[in-house]
Structures are given as structure tokens and as C-alpha cells.
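The primary structure of each chain is shown beneath.
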Amino acid sequence: MAMLRWLVDEPMPSRSSKPGAPVRYRSEGTTNAIMGTIGEFLSWCSLQGWVPPTVVNTLTQPKFLRYLPAGFDPGEDGQHRTIMTRDQVQGRDPGL
């Protein structure tokens, strides 16, 4: 979660060489996409044996689906109701 916050809160390098260029920040959607890509890459690295599986397991957590999406098959006795999810940036407090 600290990496997610850092990606959103840390300003990106300026594209302009002029002094006083406006400061740019990553959007929450961009941050979620970056972390999703990193997670998938590390999963692939784990399958290749380059990264221990514990690294990938720390990036995901089980989540129980209380309300199922339309057309989702929960399986026998709800065996597919628990899925693995990754952390995502939630909406920021506008008072910050």
C-alpha cells in the first residue's frame, strides 16, 4: 500500500526544461495499472523460478464475494466465492 500512495503522491519529473514548469502527478487509475502490471510480471517471474512465490503472495489477499456479479458461477458450495485481489488506490479525501 505504501508503494501505491508513493506513486500517487510523488510528483513526476517535469517534461519541460524551463524553470517553473507545472508539477504533474499520476492519476489513481494510472497507479492501479502500474501496480497490476508489476504484479502480473512478478507472477510470471515466480513461474520461471526467478522470484520466490512469497513475494507474489504478499501482493495479493483473499476476498470473499458476498454479492456476485451477474452471470458469475459460485461453484459447488460456493467454492469460487473467494478470489485473490490486489490492493488498489481508493478515492482520495478531498480535504487533503
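Residues numbered from 1 in each chain as written. Predicted model: local features only at pLDDT ≥ 70, side-chain atom pairs only at ≥ 80, totals over all residues. Heavy atoms only, no water.

### Considering the overall build of the protein
Quick note on the threshold: The secondary structure listing takes helices from DSSP runs of H or I that are at least 4 residues long and strands from runs of E that are at least 2 residues long, numbered from the N terminus. Burial here depends on accessible area, computed with a 1.4 Å probe over protein chains only, as a share of the maximum for the residue type. Under 20% is buried, over 50% is exposed, and the range in between is partly exposed. The contact criterion used throughout is that any non-hydrogen atoms of two residues lie within 4.5 Å. Residue burial considers only the protein chains on display, and all accessible areas are found by Shrake-Rupley using a 1.4 Å probe.
In terms of helices and strands, the protein carries three helices and two strands. The secondary structure elements of the protein, listed N-terminal to C-terminal, are α-α-α-β-β. Here the protein holds 96 residues, and 17% of them are scored as buried. Sequence separation of 24 or more characterises 43% of the internal contacts of the protein that already satisfy a separation of 6 or more. If you sum the accessible surface of the protein, you get close to 7600 Å²; carbon and sulfur atoms cover 58% of it.

### Observations concerning the pattern of salt bridges
What counts here: We define a salt bridge as a side-chain nitrogen of Lys or Arg found within 4 Å of a carboxyl oxygen belonging to Asp or Glu.
The tally for this structure, following the rule as stated, stands at one salt bridge. The residue arginine 5 makes a salt bridge to aspartate 9 at a minimum N-O spacing of 3.7 Å. Of the two residues, arginine 5 and aspartate 9 both sit in helix α1 (residues 2-9), four residues apart, roughly one turn of that helix. Accessibility expressed as a relative area gives 27% for arginine 5, which makes it partly exposed. Classification of aspartate 9 as partly exposed rests on a relative accessible area of 38%.

Everything listed here is a matter of coordinates, which is why it stays silent on function.
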